[in-house]
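Chain by chain, the residues run as shown.
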Amino acid sequence: MNAFLCTDNLCRHFGGVMATNRLCIEFEKTGLRSIIGPNGAGKTTFINIITGRIPASSGKVHFQGAEITNKPTHELVKLGICRTFQITSIFNNLTVFENVRIAKQANSGGSLRIFSTKKSLKKVACDTWVILERLGLKDLAGLPAKNMSYGDQRILEVAIALAGDPEILFLDEPTAGMSPAETKHISDLIKGLSKEISIVLVEHDMDMVMRISDKITVLHYGSIIAEGAPEEIRTNQLVREAYLGKDT
Ligand SMILES: Nc1ncnc2c1ncn2[C@@H]1O[C@H](COP(=O)(O)OP(=O)(O)OP(=O)(O)O)[C@@H](O)[C@H]1O
Ligand SMILES: [Mg+2]
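What this report covers is the structure whose coordinates are included nearby. (Residues numbered from 1 in each chain as written. Chains lettered and ligands numbered in written order. Predicted model: local features only at pLDDT ≥ 70, side-chain atom pairs only at ≥ 80, totals over all residues. Heavy atoms only, no water.)

Right, let's get into the overall build of the protein. Helices and strands together make up the secondary structure of the protein, namely nine helices and 11 strands. Taking 18 Å as the expected radius of gyration for a compact globule of 248 residues, we find that the protein reaches 18 Å, a close match to that expectation. Dimensions of the protein along its principal axes, counting C-alpha atoms only, are 60 × 40 × 35 Å. Taking all 248 residues of the protein together, the buried fraction comes to 48%. The contacts in the protein between residues at least 6 apart in sequence include a share of 66% that link residues at least 24 apart. Of the roughly 12300 Å² of accessible surface on the protein, a fraction of 54% belongs to carbon and sulfur atoms. Of the charged side chains in the protein, 29 are positive and 27 negative, and the gap between their average positions amounts to 7 Å. (Helix = DSSP H or I, 4+ residues; strand = E, 2+ residues; numbered from the N terminus. Rg over C-alpha atoms; globule rule 2.2 N^0.38 Å. Buried < 20%, exposed > 50% of the residue type's maximum accessible area, 1.4 Å probe, protein only. Contact = heavy atoms within 4.5 Å. Areas by Shrake-Rupley, 256 points an atom, 1.4 Å probe, with all protein chains shown as cover. Lys, Arg positive; Asp, Glu negative; His and termini not counted. Charge placed at Lys NZ, Arg CZ, Asp CG, Glu CD.)

Here the focus is the site of ligand 1. Surveying the vicinity of ligand 1 reveals 13 residues, the closest of which are Gly40, Lys43, Thr44, Thr45 and His204. At 2.7 Å, a side-chain N or O of Lys43 approaches an oxygen atom of ligand 1. Of all elements in the fold, only strand E2 (17–23) and helix H1 (43–50) reach the threshold of two or more residues within the shell around ligand 1. Top contributing element to the shell around ligand 1 by residue count: H1, with three residues. Partitioning the shell around ligand 1 into residue classes produces four nonpolar, seven polar and two charged. (Near = heavy atom within 4 Å. Polar contact = N/O pair within 3.5 Å; in protein donor to acceptor, adjacent residues only side chain to side chain. Nonpolar A, V, L, I, M, F, W, Y, C, P; charged D, E, K, R; others polar.)

With that settled, consider the nonpolar core. Ranked by internal contacts, the top residues of the largest apolar core, which has 34 residues, are Leu135, Leu137, Leu156, Leu169 and Ile190. Those elements that provide at least two residues to this core are helix H3 (96–107), helix H4 (118–134), helix H5 (150–162), strand E8 (168–172), helix H6 (180–193), strand E9 (198–202) and helix H7 (206–212). Per-element tally for this core: the top contributor is H5, with six residues. Ignoring anything within four residues of it in the chain, the contact list for Leu135 reads Ile155, Val158, Ala159, Leu162, Leu189 and Leu193. In this structure, Leu23, Phe46, Ile49 and Ile81 belong to the second largest nonpolar core, which totals 24 residues. (Core = buried A, V, L, I, M, F, W, Y, C linked by side-chain atoms within 4.5 Å.)

What follows is the structure, given as C-alpha cells:
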C-alpha cells in the first residue's frame, strides 16, 4: 500500500444496482486526477464512500498506509480528506468571509468553545484571509454569499473545503451550470491547487478534463473501463462507446 490514498476492491450496491463495483484506484500525493463517466456511472457514490458519507458494501480504503474505510466524515477531514458537493452548499445569508471563517473555526476545534482565545480567533481570521486571497475572493469578503455570481459561489465552496486544510480534495462537478469564462477561471484555480495537494475531480466538461488532468479514470456501470493520460482516454474506443453508443 504505497499509494497516498487507494481503494481496494471497493463496492457499494443499492438493492440490485452495483453503483461501485470492485474499484481499485490509486491517488498520488499531488496532481489532478479526473473521474469521468456517463450519468449514473458511480462517480458520486465512489466519492461518497471515501469521504465517509455512505458506507461501502465491501472493500477497503487506505490513506497514508492506514485503513480508513467507513470512518466518519469529521475524522476524515481531520486526516486531510475533504470534498465539495455536486449541489451548492453554502450559507446564503452570511458573508463570503464568514462562510470560510466558520468552516475554519470548526476545523480548528474552536466552534464549541464559548471563550475562544483572542489569539486563536486572530489565527482563524488570518487563515481565512489566506484562503480568500488564494482563490481570488478577497475583494468579495464582505458580500453576502447570496449576492455572489453563481460561478463565484462555486469557488466559495472550494474555499470552504480548503478551510479543512486538505491533503486530498474531492470536487464533485465544480463547474456544473457555469459559463465558459467561469469554467476556465475555476479550472485554472483547481490546476493551481493540484501543484500542492492531491485533487480528485468529477466532471462532465470534457474540454476542461482533457486540458487540466494529469490522469483520468473512466467509470461505466460502477467499473473502471479505462485509465490513463488525457491523450490515451481521448482515443480509447471503449470510452467512446460508453459515451456515444456502440456504433461510433
Ligand atoms: N441513495 C441511492 N439509492 C439508490 N440508488 C442510488 C443511490 N445513489 C446512487 N444510486 C444509483 O447508483 C448509481 C450510481 O449513481 P451516482 O450518483 O454515483 O452516479 P454519477 O456517476 O455520480 O452520476 P451523475 O453523473 O449523474 O452525477 C445510479 O444507478 C444511481 O441511480
Ligand atoms: Mg454524480
